[in-house]
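# Examining the three-dimensional arrangement
Here are the chains, one letter per residue:
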Amino acid sequence: MEEPQQSSTEAGFALRRLAPPPALCGFLLLLALVLTVSYAAGAAVGPVAPDMQRSGTSGDGGGGMDMGDMNKHGSGG
């Protein structure tokens, strides 16, 4: 008994069927390109406000209110 061999067109069709659509590949490539360019531009520009500190890193609590401030301003009680 001879087994039928797949022709090259059938094998190519099976391979194309498993591959993602070209539009999806193009979209993912474009997305990666945009993210890479935006990251590079941000790295070249540097921080937006280099003198600005995060809240809680300075000695006075970053300008936020603490419990003493709440008592001075009235806590509704």
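## Looking at the overall build of the protein chain
- The secondary structure content of the protein chain amounts to three helices and zero strands.
- Its helices and strands taken in sequence order, the protein chain reads α-α-α from the N to the C terminus.
- For the protein chain, the residues scored as buried account for 0% of the 77 residues in total.
- Here the protein chain has roughly 7400 Å² of accessible surface; of this, 63% comes from carbon and sulfur atoms.

## Some remarks on a nonpolar patch on the surface
- Residues Leu24, Phe27, Leu28, Leu31 and Leu35 make up a contiguous nonpolar surface patch of roughly 470 Å² in combined accessible area.
- Among the structural elements, Phe27 can be located in helix H2 (residues 22–45).

## Brief notes about H2
- Compared with the 34 Å implied by 1.5 Å per residue over 24 residues, the 35 Å span of H2 between its first and last C-alpha is a close match.
- Across the 24 residues that make up H2, only a small minority, zero, are buried.
- Of the residues flanking the end of H2, it is Gly46, one or two places downstream, whose phi is positive at about 95 degrees.

## Considerations on the confidence of the model for the protein chain
- In this model, the protein chain carries a mean pLDDT of 75, and residues with pLDDT of at least 70 account for 60%.
- No element of the protein chain has a lower mean pLDDT than helix H3 (residues 67–73), which averages 60, and none a higher one than H2, which averages 96.

Calculation criteria
- Residues numbered from 1 in each chain as written.
- Predicted model: local features only at pLDDT ≥ 70, side-chain atom pairs only at ≥ 80, totals over all residues.
- Heavy atoms only, no water.
- Helix = DSSP H or I, 4+ residues; strand = E, 2+ residues; numbered from the N terminus.
- Buried < 20%, exposed > 50% of the residue type's maximum accessible area, 1.4 Å probe, protein only.
- Areas by Shrake-Rupley, 256 points an atom, 1.4 Å probe, with all protein chains shown as cover.
- Patch = residues over 30% accessible without salt bridge, like charges linked within 9 Å, V, L, I, M, F, W, Y side chains within 5 Å.
- Salt bridge = Lys/Arg side-chain N within 4 Å of Asp/Glu carboxyl O.
- Expected span 1.5 Å × (residues − 1).
- pLDDT = per-residue confidence, 0-100.

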